[in-house]
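Spelled out from the first residue to the last, the chains are:
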Amino acid sequence: MDRRTSEFQSRTGLQCPPGCGQCCESSMPEVTVLELLPSAQELFSRREAQQWLERIASIRENERCVFYQPDPLIPGNGYCDLYILRPSVCRLFGFVVIKNRDGNPELMTCRRQKEQIPVLVKKAKEAISRGMAGPSYDYFFLQMVALEPSLGRQRVPINRALHLALERYGLTVQYTDAKWLKSRGKK
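Residues numbered from 1 in each chain as written. Predicted model: local features only at pLDDT ≥ 70, side-chain atom pairs only at ≥ 80, totals over all residues. Heavy atoms only, no water.

## Here we look at the environment of Leu92
Turning to its location among the elements, Leu92 is positioned in helix α5 (residues 88-92). Separated by 62 residues in sequence, Leu92 and Glu30 have C-alpha atoms that sit 13 Å apart. If we ignore the near neighbours within four places in the chain, the residues touching Leu92 are Met1, Thr5, Pro135, Tyr137 and Phe140. (Helix = DSSP H or I, 4+ residues; strand = E, 2+ residues; numbered from the N terminus. Contact = heavy atoms within 4.5 Å.)

Printed below as a string of structure tokens:
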């Protein structure tokens with residue numbers, strides 16, 4: 001996913017504006033639990049899982065992603081606490097090609113890209129309409145479903161998905177540890 005997005009960015013010149021977090025501030029993406037299992041594993045390894053569960057419990061369900069930290073000095077800018085482990089919608093936003101109502105490929109860019117680099121956006125859209133391939137969310141979504149249908153199919157609000165991923169990973173660790181201890185005659 002990152003390789004395809006990077007290749008697309010190289011071919012089109014499209015980039016996110018430096019420090020931009022507008023997409024994280026203005027939307028609440030839906031993701032799969034499967035996509036957030038690596039984040040759950042990371043939070044457990046840092047011994048921060050309980051802290052994040054409490055953070056999720058303290059906010060309204062429709063609030064922005066708990067991983068997003070706004071820049072206190074520059075409105076619209078910010079960063080992700082777990083950027084390297086972000087889900088597909090975050091990786092692809094601003095660079096994804098979807099099928100429009102007529103079934104034709106169409107580039108979905110963000111508002112800031114359209115405002116700050118309109119010429120590049122226009123050229124990229126024209127290249128897509130002439131047949132240039134770009135990252136497809138549907139393609140990557142189908143890959144996730146094939147990987148694990150029960151966790152890769154249903155999209156839920158990102159904070160809910162993180163809560164479910166933390167619970168799932170925590171239960172798996174508890175079950176695995178209990179089996180390991182039992183296999184060695186310990187309780």
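After that view of the structure, there is still more to cover.
## Let's talk about helix α1 (residues 2-12)
Taken together, the buried positions of α1 are Thr5, Phe8, Gln9 and Thr12. Each buried residue of α1 lies within a common arc of 100° when the element is viewed along its axis, so the set occupies one face. Looking at α1, the residues exposed on the side facing more than 90 degrees away from the buried face are Arg3 and Ser10. Where α1 is buried, its residues touch α5, β5 (105-108) and α7 (118-129). Count one or two residues on from α1 and you reach Gly13, which has phi positive near 85°. (Buried < 20%, exposed > 50% of the residue type's maximum accessible area, 1.4 Å probe, protein only. Arc of directions from axis to C-beta.)

## Considerations on the pairing of strand β4 (residues 96-99)
Taken together, the four bridges between β4 and β5 define a ladder with antiparallel strand orientation. Following the sheet pairing, Val97 is matched in β5 by Leu107. (Pairing = 2+ DSSP bridges.)

## With respect to helix α3 (residues 33-45)
Along its 13 residues, α3 runs 18 Å from first to last C-alpha, staying within 8% of the 18 Å computed at 1.5 Å per residue. Among the residues making up α3, those that are buried are Val33, Leu34, Glu35, Leu36, Leu37, Ser39, Ala40 and Leu43. After α3 finishes, the residue Arg47 shows a positive phi value of roughly 60°. (Expected span 1.5 Å × (residues − 1).)

## Here's the deal with the side chain of Gln113
Considering the arrangement of structural elements, one finds Gln113 in helix α6 (residues 111-116). Judged by relative accessible area, which is 1%, Gln113 ranks as buried. At 3.5 Å, the side chain of Gln113 and the backbone oxygen of Gln15 are in polar contact. (Polar contact = N/O pair within 3.5 Å; in protein donor to acceptor, adjacent residues only side chain to side chain.)

## What to know about the nonpolar core
Counting 29 residues, the largest nonpolar core has Leu36, Leu43, Trp52, Phe67, Leu162, Ala165 and Leu166 as its most contacted members. Contributions of two or more residues to this core are made by α3, α4 (49-57), α8 (137-147) and α10 (158-183). Once residues within four sequence positions are removed from consideration, Trp52 is found in contact with Leu43, Val66, Phe67, Asp81 and Leu166. (Core = buried A, V, L, I, M, F, W, Y, C linked by side-chain atoms within 4.5 Å.)

## Focus on the state of the cysteines
Tallied over the entire structure, the rule returns zero disulfides. Looking at Cys20, it has no disulfide partner, and the nearest cysteine sulfur is the one in Cys110, 5.8 Å off. Given a relative accessible area of 23%, Cys20 falls into the partly exposed group. (Disulfide = S-S within 2.5 Å.)

## Comments concerning unusual backbone geometry
Non-glycine residue Arg47 carries a positive phi angle of around 60°. On the secondary structure map, Arg47 appears in the loop between α3 and α4. On the accessibility criterion, Arg47 (79% relative accessible area) is exposed.

## Remarks on the pattern of salt bridges
On inspection of all chains with the given rule, the structure shows seven salt bridges. Arg55 is the salt-bridge partner of Asp81, the closest N and O atoms lying 3.9 Å from each other. On the criterion of sequence distance, the pair formed by Asp81 in the loop between β3 (78-80) and α5 and Arg55 in helix α4 is long-range, its members being 26 residues apart. A cluster of three or more residues bridged by salt bridges with shared partners is formed by Glu42, Arg46 and Glu48. (Salt bridge = Lys/Arg side-chain N within 4 Å of Asp/Glu carboxyl O.)

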